[in-house]
Amino acid sequence: MSEMMLDTVADTTAESQFELCPKFEKTFSILGKKWNGLIIDVLLEDGPQRFKNLARRVPKCSDRVLVVRLKELEENGIVSRVTHADSALIEYRLTAKGADLRQVMNTVHNWSDKWFSPAQC
């Protein structure tokens, strides 16, 4: 077999053996879902938020979708929903697991600053 054909066979074999780590897949299934990154970013930057404040900060996300995303983030241990006993006040805040995403979000901000111009946003 020629060297070029051997390289192609080796590449095909490597591709068929490649598997993503289930933890990596799980992480991107959460972070890659539309609006989740923005919700997390708002909570990282501004701290605990009432629903209406989150809705204002992520204006293109409908209230219905925001409710669903917050529930999913809560189920995944990234956001907690806090109800204050002495009032009807409900806040959403990051858990320790969610706060650990700060470095990831900072890296994403740096990457987007480098590769996207303001005109592209």
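This text follows the structure it describes.
Source: prediction; values computed, not measured.

Quick notes on the rules
- Residues numbered from 1 in each chain as written.
- Predicted model: local features only at pLDDT ≥ 70, side-chain atom pairs only at ≥ 80, totals over all residues.
- Heavy atoms only, no water.
- Core = buried A, V, L, I, M, F, W, Y, C linked by side-chain atoms within 4.5 Å.
- Buried < 20%, exposed > 50% of the residue type's maximum accessible area, 1.4 Å probe, protein only.
- Helix = DSSP H or I, 4+ residues; strand = E, 2+ residues; numbered from the N terminus.
- Contact = heavy atoms within 4.5 Å.
- Salt bridge = Lys/Arg side-chain N within 4 Å of Asp/Glu carboxyl O.
- Axes fitted to C-alpha atoms, helices over the stretch in contact; angles between N-to-C directions.
- Parallel < 35°, antiparallel > 145°, perpendicular 65-115°, else oblique.
- Nonpolar A, V, L, I, M, F, W, Y, C, P; charged D, E, K, R; others polar.
- Left-handed = near helix turned anticlockwise from the far one by under 90°.

1. Some remarks on the nonpolar core
Soluble globular proteins tend to bury their nonpolar side chains together. Of all hydrophobic cores here, the largest spans 21 residues; its most connected members are Ile 39, Ile 40, Leu 54, Ile 78 and Val 79. Among the elements of the structure, α3 (36-46), α4 (51-57), α5 (63-75) and β2 (90-94) are those that each provide at least two residues to this core. Every residue in contact with Ile 78, bar those within four places of it in the chain, is listed here: Ile 30, Ile 40, Leu 73, Arg 93, Leu 94, Thr 95, Lys 97, Gly 98 and Leu 101.

2. Some remarks on the pattern of salt bridges
Working definition: two side chains of opposite charge can pair if their charged atoms are close together. Taken as a whole, this structure holds four salt bridges when the rule is applied. For Asp 46, the salt bridge identified is with Arg 57, shortest N-O distance 1.8 Å. Taken as a pair, Asp 46 in helix α3 and Arg 57 in helix α4 lie far apart in primary sequence, 11 residues in all. Under the relative-accessibility criterion, Asp 46 is labelled partly exposed at 38%. On the basis of relative accessibility, which here comes to 43%, the residue Arg 57 falls in the partly exposed class. When the shortest N-O distance is used, the salt bridge between Arg 69 and Glu 72 registers 3.3 Å. Of this pair, Arg 69 and Glu 72 both sit in helix α5, three residues apart, which is roughly one turn of that helix. Judged by relative accessible area, which is 15%, Arg 69 ranks as buried.

3. Points about the packing of α3 against α5
What describes two packed helices is the angle between their axes and the distance between those same axes. Running from N to C, α3 and α5 cross one another at 75°; their axes reach a closest spacing of 10 Å. In terms of orientation, α3 and α5 fall into the roughly perpendicular class. Of the residues in α5, those in contact with Asn 36, Ile 39 and Ile 40 of α3 are Leu 66, Arg 69, Leu 70 and Leu 73. Along the lines of polarity and charge, the residues of the contact of α3 with α5 split into five nonpolar, one polar and one charged.

4. Things to note about the packing of α3 against helix α7 (residues 102-115)
The N-to-C vectors of α3 and α7 enclose an angle of 110°; their axes lie 11 Å apart at closest approach. The orientation of α3 relative to α7 falls into the category roughly perpendicular. The two elements α3 and α7 cross, and the hand of that crossing is left-handed. Residue-level contacts link Gly 37, Ile 40, Asp 41, Leu 44 and Glu 45 of α3 to Arg 102, Met 105 and His 109 of α7. Taken together, the residues of the contact of α3 with α7 break down into three nonpolar, two polar and three charged.

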